[in-house]
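# Tertiary structure, described
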Amino acid sequence: MNLYLNQIGAIIWKDFVTELKTRELLSAMFIFALLVILIFIFSINLSIVKASEVGPGILWVAFLFAGTIGLNRSFMLEKENACLMGLMLVPADRTTIYFGKLISNFIFLSIMELFILPLFMIFFDIDLLAHLGPLLMVVFLGTLGFCALGTLLSSLSSNLKTREIMLPILLYPLLIPIVIGVVRMTGQLLEGIPLLDMMKWIGLTTSFDIIYIGVSIMTIDHILEE
Amino acid sequence: MESHENAMEVRHLRKAFGVLKAVDGIDFDLKRGEFLTVFGPNGAGKTTLIKILCGLTQPTSGSAEVAGFDVTEGNPEMRKEIGVISHATALYADLTPLENLMFFARMHGLTEPMDRALKVIDEVGLSQRRNDRVRTFSRGMLQRLSIARAILHDPKILFLDEPFTGLDLHASNVLKEHLKRLHDRRRTILMTTHDISCGLEMCDKVALQVQGRFAFLENIGNVDRDQFEAMYFDAVRDNQFIMEIGAK
């Protein structure tokens, strides 16, 4: 078990050292998410539409689109110089590769989200601080589901020539249950409804998080193999 | 496992991609400490053979044991026994040699990753460049670092897939020296190459793979170098002809 965790830790460490040196992933995700929000700000008349009604959808569109860039980049690193082959040759269970990549994707996406949330609050003039705890939990559940499925599908699409196109085509339809859940929960939080009154949405999102992780554990061996 | 005399036992090994037979019924044994060089024209299935033996891809039929492990089972214990060097380096370009090797040492579960990484970096003569980004390295330096990655966990069996590709004369000689040292340390080596002189110079056994099959397999002592060279060039020419016909 120690070795298993150590191997996951090594993958996360390697991704962090690479990101510290290149600063490509976080900056690209942050700028893209910011641009998505700005485009919506300019295209929506907030004096007619209530910010708390359109805001949650826009926020999650920004997170997911930016996150897709991160996922694509994440497995591109492994394909460069056949590094994935090097990983496949180490005496590790293949799920360590999945969990290592999942956790590093999750951390990178969460960092980006923490920078975007205050900007979203300013641009849409919404007080997020009043609901910060529950909102962070919703963001956690949504990001986990996105990364769980996204990491699996980016490993699958990394072998394809058209990977940049295939990843969103495969990912977004399967993410619909999670997107519905987190957008509804974010909207209701902004309307002042307590999180405890949204148990069905929490249940839905958590269930899909677990399903995606479970399916990934069962299939990652076959997906990584050529 | 040490009692197992053969490092590799391959029987009727086949791998097809649709109608294309990349490996088409290969049989051979390789004893511990032996060095087999496999020659063959492009597209003969040499890389596919190595991928099967490393457990990177599944054969369509037949069986192969490496270090006493069935390659189809994907046993992590088998991966402790093997090291692979190919023309793709499997190194992270934005990390330094030390970071790359420490990463792979941790993935191999080595107890002192830093010490081991420093030792093999020294062995391949890259100590001066250990903190530079791999992206800045020449092809020869990359290949030396690739050797360091492959021998990091001190494997008993090494697979080398066209390791001389793109190397200049000096880098090629350095690589040869490393391979000789590994062979002297009784490491079992299977190498594919197009370089006749390097390949024949170092091996104990030589094979010629053509269209997925071993058209020739012999101990080096029984091989007439000129005859083998002629046979190899014939195979390459015929293969070129077949590929041109196929393209038309």
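The model shown is predicted, which means the values in this text are computed figures rather than measured ones.

Another point: the overall build of chain B. Looking only at helices and strands, chain B has 8 helices and 10 strands in total. In terms of overall dimensions, chain B is globule-like: its C-alpha atoms have a radius of gyration of 18 Å, near the 18 Å expected for 248 residues. Taken along its principal axes, the extent of the C-alpha atoms in chain B is 50 × 40 × 40 Å. By the burial criterion, 45% of the 248 residues in chain B qualify as buried. At a minimum sequence separation of 6, the contacts of chain B that also span at least 24 residues come to 67%.

This next bit is on the overall build of chain A. Helices and strands together make up the secondary structure of chain A, namely 8 helices and 0 strands. Relative to the 2.2 N^0.38 estimate, which gives 17 Å for 226 residues, the radius of gyration of chain A is 18 Å and therefore close to what a compact globule would have. Principal-axis analysis of the C-alpha atoms places the extent of chain A at approximately 60 × 35 × 30 Å. Taking all 226 residues of chain A together, 43% fall into the buried category.

With that settled, consider helix α5 (residues 94-124) of chain A. Taking 1.5 Å as the rise per residue, α5(A) with 31 residues should run 45 Å; its terminal C-alpha atoms sit 43 Å apart, in good agreement. Where α5(A) ends, the next residue or the one after it, D125(A), has phi of about 50°, a positive value.

Turning our eyes to something else, we now look at the interface of chain B and chain A. For interface size, the figure often reported is the accessible area lost on association. Residue-level contacts link 24 residues of chain B with 23 residues of chain A. Every element with two or more residues in the side of chain B that touches chain A is listed here: α2 (76-81) and α3 (97-107) of chain B. Top element by residues in the side of chain B that touches chain A is α3(B). It accounts for 5 residues. Each residue belonging to the side of chain B that touches chain A can be placed in one class, and the counts come to 13 nonpolar, 4 polar and 7 charged.

Attention now moves to unusual backbone geometry. A negative phi angle is the norm for most residues apart from glycine, just as the trans form is the norm for most peptide bonds. Residues other than glycine seldom take positive phi values, yet A82(A) does so here, at roughly 60°. Of note, A82(A) is situated in the loop between α3 (51-79) and α4 (83-88). The partly exposed category is assigned to A82(A), around which 17 C-beta atoms lie within 10 Å. Notably, E162(B) is not glycine yet its phi reads approximately 45°, a positive angle. Tracing the chain through its elements places E162(B) in the loop between β7 (157-161) and α6 (169-184).

This next bit is on the confidence of the model for chain A. Of the residues in chain A, 100% have a pLDDT of 70 or more, and the chain-wide mean is 92. Confidence, read as mean pLDDT per element, is least for α3(A) in chain A (91) and greatest for α5(A) (95).

What counts, and where the lines are drawn
Residues numbered from 1 in each chain as written. Chains lettered and ligands numbered in written order. Predicted model: local features only at pLDDT ≥ 70, side-chain atom pairs only at ≥ 80, totals over all residues. Helix = DSSP H or I, 4+ residues; strand = E, 2+ residues; numbered from the N terminus. Rg over C-alpha atoms; globule rule 2.2 N^0.38 Å. Buried ≥ 20, exposed ≤ 12 C-beta atoms within 10 Å, placed from the backbone. Contact = placed C-beta atoms within 7 Å. Expected span 1.5 Å × (residues − 1). Nonpolar A, V, L, I, M, F, W, Y, C, P; charged D, E, K, R; others polar. pLDDT = per-residue confidence, 0-100.

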